[in-house]
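Report on the structure
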Amino acid sequence: MSSSTIASSVSYNQSLSGFNTFGVSSFAEQYFDLKEKKQLKALAEYLVSRSLLERSFILGGGSNVVLPQRLNQFVIHNQLKGIELIAEEEDYFLVRAAGGEVWHDFVAHCLERGWHGLENLALIPGTVGAAPVQNIGAYGKEIKDVCYEVEVFDFNSKAFLTFTNEQCHFAYRDSYFKHDGRGLLIVSVTFKLPRPWRAQLNYPDLQKLLETVEGANPEHVTAEQVFNQVCSVRRYKLPDPKEIGNAGSFFKNPIVSPEHHEQLVSTHADLPSYKQSDGRYKLAAAWLIDQCGWKGRDVGRAGVHHRQALVLVNRAGAVAEDIRQLAEAIQQDVYAKFNVCLEPEPIFVV
Ligand code: EPU
């Protein structure tokens, strides 16, 4: 594959409104559909020869970005596909999925084949390649618990590199790739799924499953039950991006010092909080926002979802600026009332 083959596949002034879950209007100056791994080296040469590397942007499922109306960059849309079982040992499965696979479809695919362990992460929007970037998590499980390694293509060195779980520096909604991932494209992620599978039901929404099985014994809960329960809770609480544009939780749950926590509890006895292993406390951003009266409210064309205050939605025709204004108004109110800074989860692309 040569640079000229790449040139003939580049499109200009491409609409990205269908490629971001917020559904905001955004046009990319240049756009390339990455469908095969073998295109990567030629693409890197093309970008270097035209001095485009510095202003290239990798787009996955568009579920964790707020795109500007005009994106003056070269957009590489990761649509690499493929799922394979690469090892089946007595105590684990190793499953590799290409970065462009749709996350939820991959979870369902694994479940069907008996490769269990991803059920708690069902219905999270986005792609497999985007999952490690923000260490997606839900219902007590995070990518960091199941990620074996991440294969990336480095556009600068034109080489394929492998990151072990440790090298990914996973943390709460954070990883190496979120800060230092410029020029790195996630080609595939390999998951290590321990056998035998055990249901992870520590979250209250999943505890309910115990009521349905004999002797309330977690051993009797099946992976299908966990998957179905997670899907139904999420479908109830969170808006489907296909119907109402959104990017899931918009803010991270803030973590505060024990002193700050004590001070907040003295004025708000009902403050939900979760003690961390380092002694600090994680607060529920949704609760803080709700207390400021934001649930269901709109600012311009953006609003706060009526069932989950942590989700900002595109009411109709919102652009990045509408979302930014709403987010800033919420941050100001939460800061004024609780002295807590809320940090957005999605990245505002400029
Ligand atoms: N709450 C409110 N008002 C609301 C919603 C929730 O007061 O409108 C309070 C409730 O007291 C509740 C607490 O906030 O107990 C926490 O809410 P919830 O259990 O719904 O979870 P969350 O903290 O809002 C996190 C993740 C979600 C993940 C769920 C389930 C973050 C930022 N969000 O939400 O992740 O699905 O837990 O594990 O960590 C995402 O990142 O996009 C996402 C959806």
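So, how was this worked out
Residues numbered from 1 in each chain as written. Predicted model: local features only at pLDDT ≥ 70, side-chain atom pairs only at ≥ 80, totals over all residues. Heavy atoms only, no water. Helix = DSSP H or I, 4+ residues; strand = E, 2+ residues; numbered from the N terminus. Buried < 20%, exposed > 50% of the residue type's maximum accessible area, 1.4 Å probe, protein only. Salt bridge = Lys/Arg side-chain N within 4 Å of Asp/Glu carboxyl O. Near = heavy atom within 4 Å. Polar contact = N/O pair within 3.5 Å; in protein donor to acceptor, adjacent residues only side chain to side chain. Areas by Shrake-Rupley, 256 points an atom, 1.4 Å probe, with all protein chains shown as cover. Pairing = 2+ DSSP bridges. Phe/Tyr/Trp six-rings, centres within 6.5 Å; stacked < 30°, edge-to-face > 60°. Lys NZ or Arg CZ within 6 Å of the ring centre and 35° of its normal. 1 Å grid on protein atoms, 1.4 Å probe; cavity = no way out; pocket = protein on both sides within 12 Å on 5 of 7 lines; lining within 4 Å. Points joined across faces, edges and corners; volume = space filled by probe spheres on them. Nonpolar A, V, L, I, M, F, W, Y, C, P; charged D, E, K, R; others polar. Contact = heavy atoms within 4.5 Å. Expected span 1.5 Å × (residues − 1).

Moving on to unusual backbone geometry. The step from Arg195 to Pro196 runs through a cis peptide bond, and the omega angle for that step is -5°. Summarising the element assignment, Pro196 is placed in the loop between β12 (184–194) and α5 (204–207). Even without being a glycine, Leu123 presents a positive backbone phi close to 65°. Among the structural elements, Leu123 can be located in the loop between α3 (103–112) and β8 (137–138). The class of Leu123 is partly exposed, set by a relative accessible area of 22%. Positive phi, normally seen in glycine, also occurs at Lys158, with a value near 55°.

All told, the structure shown has 19 salt bridges when counted by the stated rule. The partner of Glu151 in a salt bridge is Lys37, with the nearest N and O atoms 2.9 Å apart. With Glu151 in strand β10 (residues 147–154) and Lys37 in the loop between β2 (27–34) and α2 (40–49), this pair connects stretches of sequence that are 114 residues apart. Glu151 gets classed as buried once you look at its relative accessible area, which sits at 17%. Note that Lys237 is salt-bridged to Asp205, the shortest N-O span being 3.2 Å. Here Asp205 lies in helix α5 and Lys237 lies in helix α6 (residues 223–237), a separation of 32 residues in the sequence. Salt bridges sharing common partners tie together Glu142, Lys144 and Asp145.

Let us now look at the site of the ligand. Near the ligand there are 25 residues, and of these Tyr139, Tyr172, Ser249, Asp290 and Lys295 occur at the shortest range. One of the backbone N or O atoms of Ser249 is found 2.8 Å from an oxygen atom in the ligand. Calculation on the ligand without its partners gives an accessible area of 830 Å², and the protein chains cover 80% of this total. Here the shell around the ligand gets three residues from one element, more than from any other, and that element is helix α8 (residues 285–291).

On to the sheet that holds strand β14 (residues 255–256). Spatial ordering of the open sheet is given by β14-β16-β15, a layout of three strands whose pairing is antiparallel. One side of each edge strand has no neighbouring strand; the edge strands of this open sheet are β14 and β15 (273–275). Here β14 pairs with strand β16 (residues 281–283) via two bridges, running antiparallel. Of the residues in β16, the one forming a bridge with Ile255 is Lys282.

Attention now moves to the packing of aromatic side chains. By convention here, two paired aromatic rings are described through the distance between centres and the angle between planes. Tallied over the entire structure, the rule returns 15 aromatic pairs. On the basis of an interplanar angle of 55° and a centroid distance of 4.9 Å, the ring pair of Phe153 and Phe160 is categorised as tilted. Here Phe153 falls in the buried class, since its relative accessible area comes to 0%. Here a set of aromatic residues connected by ring pairs shows up, and it is made of Phe22, Phe250, Phe251 and Phe348. Positioned above the aromatic ring of Tyr92 is the side chain of Lys192, whose terminal nitrogen or guanidinium carbon lies 4.4 Å from the ring centre. The cationic tip of Arg307 hangs over the ring face of Tyr236; the distance from NZ or CZ to the ring centre is 4.3 Å.

Estimated volume of the largest pocket: approximately 1,300 Å³. Contributing to the lining of the largest pocket are 48 residues, with Ala138, Arg173, Tyr203, Ser249 and Asn253 lying nearest its centre. Mapped by element, the contributors of at least two residues to the lining of the largest pocket are β8, β9 (141–142), α5, α6, β13 (245–249), β15, β16 and α8. Its residues assigned to classes, the lining of the largest pocket comprises 22 nonpolar, twelve polar and 14 charged. In this model, the second largest pocket occupies a volume close to 940 Å³. Considering the residues around the second largest pocket, the lining is formed by 35 residues, among which Thr21, Pro125, Asp240, Pro241 and Lys242 are closest to the centre. Split by residue class, the lining of the second largest pocket holds ten nonpolar, 18 polar and seven charged.

Take the environment of Asn64 next. With respect to the secondary-structure elements, Asn64 resides in the loop between β3 (56–59) and β4 (65–66). When the C-alpha atoms of Asn64 and Ser249 are compared, they prove to be 9.3 Å apart, with 185 residues separating the residues in sequence. Contact partners of Asn64, with chain neighbours within four places excluded, come to Gln134, Lys178, Glu345, Pro346 and Ile347.

Turning our eyes to something else, we now look at the pairing of strand β6 (residues 83–88). The sheet contact formed by β6 and strand β7 (residues 92–98) spans five bridges and is antiparallel. From the neighbouring strand, Glu84 faces β7, where its bridge partner is Arg96. Hairpin remark: β6 followed by β7, antiparallel, with three residues in the connecting loop.

Further remarks concern α6. Look at α6: 21 Å from first C-alpha to last across 15 residues, which is about the 21 Å you get at 1.5 Å a residue. Ala223, Val226, Phe227, Gln229, Val230, Cys231, Val233 and Arg234 are the residues of α6 that are buried. Buried residues along α6 sit against α3, β8 and α5.

Moving on: the pairing of β7. Each regular strand shows side chains that alternate between the opposite faces of the sheet. With five of its seven residues buried, β7 lies for the most part within the structure. Here seven bridges tie β7 to β12, and the two strands are oriented antiparallel to one another. By the bridge assignment for β12, Ala98 is matched with Ser188.

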